[in-house]
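Geometric and topological summary
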Amino acid sequence: MKSALVCGAGGFIGSHLVKRLKREGFWVRGADLKFPEFAETEADDFIITDLREPVNCRAIVDRRFDEVYQLAADMGGAGYVFVGEHDADIMHNSAAINLNMLEACKNRTIKRIFYSSSACMYPQHNQLDPNAPVTREDSAYPADPDSEYGWEKLFSERLYLAYHKNYGMDVRVARYHNIFGPEGSWRDGREKAPAALCRKVAEAKNGGSIEMWGDGEQTRSFMFVDECLEATTRLTRSNWTGPVNIGSEEMVTINQLAEMIMGVAGKQLDIIHIPGPLGVRGRNSHNDLFEEKLGWRPSQTLNEGIKKTYPWIERQVELMRGSNAP
Ligand code: NAD
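Quick caveat: nothing in here was measured; it's all calculated off a predicted structure.

1. Here's the deal with the packing of aromatic side chains
All told, the structure shown has eight aromatic pairs when counted by the stated rule. Taken together, a centroid distance of 5.9 Å and an interplanar angle of 45° make the contact between tyrosine 69 and phenylalanine 114 tilted. Remark: phenylalanine 114 occurs in strand β5 (residues 112-118) and tyrosine 69 occurs in strand β4 (residues 67-70); sequence separation between them is 45 residues. Each member of the pair, tyrosine 69 together with phenylalanine 114, is buried. Ring geometry for tyrosine 115 against tyrosine 160: centres 4.4 Å apart, planes inclined by 10°, an arrangement best described as stacked. Taken together, the residues span a long stretch of sequence, with tyrosine 115 in strand β5 and tyrosine 160 in helix α5 (residues 148-167) at a distance of 45 residues.

2. Considerations on the nonpolar core
Formed by 56 residues in total, the largest nonpolar core has its most connected members in Val6 and Tyr176. Three or more residues apiece are contributed to this core by two domains, here domain 1 (3-180 + 223-246) and domain 2 (193-220 + 250-283 + 301-318).

3. Things to note about the sheet that holds strand β11 (residues 244-246)
On the basis of which strands lie adjacent, the open sheet formed by seven strands has the order β3-β2-β1-β4-β5-β6-β11 and parallel pairing. Taken across any chain shown, the strands that pair with only one partner, and hence form the sheet edges, are β3 (45-48) and β11. In this sheet, neighbouring strand axes are inclined to one another by 20° on average, regardless of whether the strands run parallel or antiparallel. Bridge count for β4 against β5 is three bridges, and the pairing is parallel. If you follow glutamine 70 over to β5, its bridge partner there is tyrosine 115.

4. Overview of the site of the ligand
Neighbouring residues of the ligand: 27 residues in total, closest Phe12, Ile13, Asp32, Tyr149 and Ile179. At a separation of 2.8 Å, an oxygen atom of the ligand approaches a polar backbone atom of phenylalanine 12. In this structure, an oxygen atom belonging to the ligand sits 2.9 Å away from a side-chain N or O atom of lysine 153. Bound to the protein, the ligand loses 92% of the 820 Å² it would expose on its own.

5. Brief notes about the domain arrangement of the protein chain
It is common to give the size of an interface as the accessible area lost on bringing the parts into contact. Each domain of the protein chain was delimited in the assignment, giving domain 1 (3-180 + 223-246) and domain 2 (193-220 + 250-283 + 301-318). Relative placement of domain 1 and domain 2: their C-alpha centres are 26 Å apart. Domain 1 puts 20 residues into the contact, and the matching count from domain 2 is 20 residues. Summing both sides of the interface, domain 1 and domain 2 together bury roughly 1,500 Å²; the carbon and sulfur share of this comes to 70%. Per-residue buried area on domain 1 facing domain 2 is highest for Gln127, Pro130 and Phe180; these three make up 37% of the total on that side. In this assembly, domain 1 and domain 2 are joined by zero salt bridges. Among the residues forming the side of domain 1 that touches domain 2, the class breakdown is 11 nonpolar, seven polar and two charged.

6. A closer look at the pairing of strand β6 (residues 170-176)
With six of seven residues buried, β6 lies mostly within the body of the structure. As paired strands, β5 and β6 are joined by seven bridges and run parallel to one another. Looking at the pairing, tyrosine 115 lines up with valine 173 of β6. For the crossover from β5 across α5 to β6, the handedness is right-handed. Pairing geometry for β6 and β11, over three bridges, is parallel.

7. Brief notes about unusual backbone geometry
For the bond from tyrosine 141 to proline 142, the omega torsion is 0°, close enough to zero to count as cis. Mapped onto the elements, proline 142 comes out in the loop between β5 and α5. Here the bond from glycine 242 into proline 243 is cis, since omega is 0°, no more than 30 degrees from zero. Relative to the helices and strands, proline 243 is located in the loop between α7 (225-237) and β11. Despite not being glycine, threonine 109 shows a phi value in the positive range, around 50°. Within the secondary structure, threonine 109 is located in the loop between α4 (87-107) and β5.

8. Regarding the pattern of salt bridges
Under the defined criterion, the tally for this structure stands at 22 salt bridges. Here arginine 237 and glutamate 67 are joined by a salt bridge, their closest N and O atoms 2.8 Å apart. Remark: glutamate 67 occurs in strand β4 and arginine 237 occurs in helix α7; sequence separation between them is 170 residues. A residue is classified by how much of its surface remains accessible, and arginine 237, at 36% relative accessible area, is partly exposed. With relative accessibility at 4%, the residue glutamate 67 sits in the buried group. In this structure, arginine 234 and glutamate 230 form a salt bridge, with 2.8 Å as the shortest nitrogen-oxygen distance. You can see arginine 234 and its partner glutamate 230 sitting in helix α7, four residues apart, about one turn around the helix. Here the salt bridges do not stand alone but share partners, grouping Arg20, Glu24, Glu67, Glu230, Arg234 and Arg237 into one network.

What counts and how
- Residues numbered from 1 in each chain as written.
- Predicted model: local features only at pLDDT ≥ 70, side-chain atom pairs only at ≥ 80, totals over all residues.
- Heavy atoms only, no water.
- Phe/Tyr/Trp six-rings, centres within 6.5 Å; stacked < 30°, edge-to-face > 60°.
- Helix = DSSP H or I, 4+ residues; strand = E, 2+ residues; numbered from the N terminus.
- Buried < 20%, exposed > 50% of the residue type's maximum accessible area, 1.4 Å probe, protein only.
- Core = buried A, V, L, I, M, F, W, Y, C linked by side-chain atoms within 4.5 Å.
- Domains from an automatic or database assignment.
- Pairing = 2+ DSSP bridges.
- Axes fitted to C-alpha atoms, helices over the stretch in contact; angles between N-to-C directions.
- Near = heavy atom within 4 Å.
- Polar contact = N/O pair within 3.5 Å; in protein donor to acceptor, adjacent residues only side chain to side chain.
- Areas by Shrake-Rupley, 256 points an atom, 1.4 Å probe, with all protein chains shown as cover.
- Contact = heavy atoms within 4.5 Å.
- Buried area = accessible area lost by both parts, 1.4 Å probe.
- Salt bridge = Lys/Arg side-chain N within 4 Å of Asp/Glu carboxyl O.
- Nonpolar A, V, L, I, M, F, W, Y, C, P; charged D, E, K, R; others polar.
- Right-handed = clockwise from strand over helix to strand, strands pointing away.

The following block contains the structure:
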């Protein structure tokens, strides 16, 4: 039986990855500071641990694994990573996890380790035009990410690649663009635009209004979590290191995203634009390299993903209302 270790298995993508690996027949160990919030973990073994401590990383890597996925990070949406208040924690915590996990895997002669970097590592000067942002993999340098979160990702990408070069480890590095789906943060301050807008639409009365940070004309693309996992496992099992984008190429404005969610919800709402943290003006994934190396590109539309995500968030809103009722 094949075995896998998922670091960050209590988080959004990690908890979905555990389910997928179990369906594939793996024995899975999950590790995180917390259990998944919205469903029981399906991991065979789940260790609550702080991966900023080297000794804890050594403890979870007490055996060989066929695949290690390192998804643990101090992370969140714009309201967490672009406000500046968490920069030191984000850089320290995530870098410590990556330094420790690589060392632990090297000492156990574990070879195959996947690392989730982020599109936030791309230079901000290439993402000023909302209609033509550049995120080709070879546009990463000269580096100029717009957040400390992005700088840490860039540093850690290089760290993984250095372990590949010097210690022959089969690292795999992906740059995730916005990933969304059910069972992710939706109201804890770490939620991203799709979950936040789904929540606001679910909470609003038909004919009412929702608030949105900025003018809503900034562009992004959003990938449904199942497609992210398909790309992640394909890359991990390939014989190619990356770094490579994993994201959708269906670019929309945030206003269009909100309209789409309203369409799925069957509600007509006004959008009130308010000041707030925004990130770069435009961003879209660029998937030619993934297709060239791995012969696959995503095909699900944003609307299909919203149709699977909105009902889950609407249900959370109803449950919350029920629990707050007198
Ligand atoms: P998430 O916040 O839901 O999951 C991250 C998990 O890491 C959390 O469960 C958290 O508790 C855990 N963690 C944090 N510090 C830890 C520590 N010291 N020890 C052990 N566990 C710790 O985030 P996610 O959306 O599932 O993202 C997974 C990975 O993908 C992250 O590395 C993130 O930076 C990257 N990524 C995600 C997106 C996205 O759109 N979701 C985009 C780009 C990159």
